[in-house]
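Chain and residue survey
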Amino acid sequence: MTAADRKLELECEKLAAERRLLARQLTTSWHFLEWLKGLTVPAAIFSVIATVGIGYQQIQQAQEARLNDRFEKVLVRLASQNANERLTGVAGLSLFTSDRGSAGFDKLALFYLVEALATEADSTVQDAIIDVFRKKELPVGRAVLDHAIAKNRLIFGAIERTHEQRRIEAQTRALESLHKKPRPRPPEAPESAGPQETMSIATAQNVVTMLAYPLEGQPREQKILEGLASLIVTVLRRNPEGVEAVDLSGIYCVDCDFSGLSLRGANFTGSVLSSAKFVRSDLRQSVFLRSDASGAMFYRADLRGSTFGFRKGPQRTSIGNRYPFPFLECANLGQVNLADASLYAEL
């Protein structure tokens, strides 16, 4: 076989191999393999993205677990019997309120601070809690204000109901004792043989008078209510434009300073506002039905369209008897509804 023949044979074999290759490339399996090769790069990119995402999620979960652990430890300190431990807890919650990346713990911390204040009677701890709400950069929403008001209303309402029950029972016992005839003492018994079963009118009056003030003999509860009242005023003052139609009914807010605040449409029904200050406040369309505003100062307050219906005074408060009526000097009383006719004498 000559070299030319050998070359021709090889050319033929080459052409046959190319034909077989072309035939394979036209099959479905070949197309499928080519598609798989094309998907290799996107699959690799997706794998990298998935790996990064899973890693980031694991980091987030670990961080949230650490935050949970820190938050629980802070709450344990906040519930301690030791005032210094509670101060440490307040400081810890204060850090959570300043951390915007704390997965919602910043808002939750504010509510727990209100809850802590609702059981706190120590002045130092109370001041520390209220100082947290004085931070200008702290976003305190309406929900926190409503929560503080609700806690004040709940505590004072329970005290008032208990006090009313005690007052009625004491009055009933005093009246029964006054109408009861004294049992005669045997002639041979000395005068100091024992107390009489009846009481004098003066003694009966003293018994009832001692229960004239709901917080009489309850300094701890009074301190707690004073702290909540201070917090309410602090949160209200954070909003320079004022808060309209805020429900402040049934709260204890003795000596509170609402001066200069815009509280248009506020509801103070049944609230105790003795010696509160409303100097130059905007109180249009506000309601003061059955409220105790003895000695409250409304100097130059805008009371147009408001409704007054104060409790009959003088009211006995934490520092004794106060002036029975509010001071309405220079107040704007246009279209005021005076549900309590006794106020006409003051006007």
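Residues numbered from 1 in each chain as written. Predicted model: local features only at pLDDT ≥ 70, side-chain atom pairs only at ≥ 80, totals over all residues. Heavy atoms only, no water.

Attention now moves to the packing of aromatic side chains. As enumerated under the stated definition, the model contains 14 aromatic pairs in all. Where Phe71 meets Phe96, the ring centres are 5.1 Å apart and the plane angle is 90°; that geometry is what we call edge-to-face. Of this pair, Phe71 sits in helix 2 (residues 28–78) while Phe96 sits in helix 3 (residues 83–98), placing them 25 residues apart in sequence. Summarising the burial analysis for this pair, Phe71 and Phe96 share the class buried. Note on Phe268 and Phe288: the rings are 4.9 Å apart at their centroids and 5° apart in plane angle, and the pair reads as stacked. Of the two residues, Phe268 is situated in the loop between helix 8 (219–237) and strand 1 (287–289) and Phe288 in strand 1; the sequence distance between them amounts to 20 residues. Three or more aromatic residues joined by ring pairs make a cluster, and in this case those are Phe258, Phe268, Phe278, Phe288, Phe298 and Phe308. Taking NZ or CZ as reference, Arg70 lies 4.6 Å from the ring centre of Phe96, over its face. (Phe/Tyr/Trp six-rings, centres within 6.5 Å; stacked < 30°, edge-to-face > 60°. Helix = DSSP H or I, 4+ residues; strand = E, 2+ residues; numbered from the N terminus. Buried < 20%, exposed > 50% of the residue type's maximum accessible area, 1.4 Å probe, protein only. Lys NZ or Arg CZ within 6 Å of the ring centre and 35° of its normal.)

The grouping of Phe32, Leu33, Leu36 and Leu39 at the surface amounts to a nonpolar patch, some 400 Å² of accessible area in total. With respect to the helices and strands, Phe32 occurs in helix 2. (Patch = residues over 30% accessible without salt bridge, like charges linked within 9 Å, V, L, I, M, F, W, Y side chains within 5 Å. Areas by Shrake-Rupley, 256 points an atom, 1.4 Å probe, with all protein chains shown as cover. Salt bridge = Lys/Arg side-chain N within 4 Å of Asp/Glu carboxyl O.)

This part is about the state of the cysteines. In this structure the tally under the stated criterion is one disulfide. There is a disulfide in this structure between Cys253 and Cys256, and the S-S distance comes to 1.9 Å. In this structure the cystine formed by Cys253 and Cys256 twists about its S-S bond by roughly -100°; its chirality is therefore left-handed. For the pair shown, Cys253 and Cys256 are each scored as buried. (Disulfide = S-S within 2.5 Å.)

Read from one edge of the open sheet, three strands run 1-2-5, paired in parallel fashion. The strands lining the two open edges of the sheet, one partner per strand, are strand 1 and strand 5 (337–338). Of the pairings in the sheet, the one linking strand 2 (residues 307–309) to strand 5 comprises two bridges and is parallel in character. Of the residues in strand 5, the one forming a bridge with Phe308 is Leu338. (Pairing = 2+ DSSP bridges.)

Moving on: the packing of helix 2 against helix 4 (residues 105–117). Direction vectors running N to C along helix 2 and helix 4 enclose 10°, while the axes themselves pass 12 Å from each other. By the angle class used here, helix 2 and helix 4 are roughly parallel. In contact with Leu67, Asn68, Phe71, Leu75 and Leu78 of helix 2, helix 4 contributes Phe105, Leu108, Ala109, Tyr112 and Ala116. Tallied by class, the residues present in the contact of helix 2 with helix 4 amount to nine nonpolar, one polar and no charged. (Axes fitted to C-alpha atoms, helices over the stretch in contact; angles between N-to-C directions. Parallel < 35°, antiparallel > 145°, perpendicular 65-115°, else oblique. Contact = heavy atoms within 4.5 Å. Nonpolar A, V, L, I, M, F, W, Y, C, P; charged D, E, K, R; others polar.)

A word on the environment of Arg300. Among the secondary structure elements, Arg300 is positioned in the loop between strand 1 and strand 2. Remark: the alpha-carbon pair of Arg300 and Glu329, spanning 29 residues in sequence, is separated by 6.8 Å. When neighbours within four sequence positions are excluded, Arg300 is seen to be in contact with Arg280, Glu329, Cys330 and Ala331. Engagement of the side chain of Arg300 in a polar contact is seen with the side chain of Tyr299, the distance being 3.3 Å. (Polar contact = N/O pair within 3.5 Å; in protein donor to acceptor, adjacent residues only side chain to side chain.)

With that settled, the discussion passes to the confidence of the model for the chain. In regions of low pLDDT, the predicted coordinates are not meant to be interpreted in detail. When the pLDDT values of the chain are averaged, the result is 80; 80% of them are 70 or greater. Per-residue pLDDT, averaged within each element of the chain, yields its smallest value for strand 3 (residues 316–317) (42) and its largest for helix 5 (residues 123–133) (94). For the stretch residues 192–198, pLDDT sits under 50, and the model shows 11 contacts to residues farther than four places along the chain or on other chains. Here residues 313–321 scores under 50 on pLDDT; set against residues more than four positions off or in separate chains, the count is 21 contacts. (pLDDT = per-residue confidence, 0-100.)

Moving on: helix 2. Compared with the 75 Å implied by 1.5 Å per residue over 51 residues, the 71 Å span of helix 2 between its first and last C-alpha is a close match. Of all the bends in helix 2, the greatest, near 35°, is centred on Thr40, and the proline Pro42 appears no more than four residues after it. Looking only at helix 2, the buried set comprises Leu67, Phe71, Val74 and Leu78. Check the buried side of helix 2 and you find it contacts helix 3 and helix 4. (Expected span 1.5 Å × (residues − 1). Bend = angle between axes of the 7 residues up to and from the residue.)

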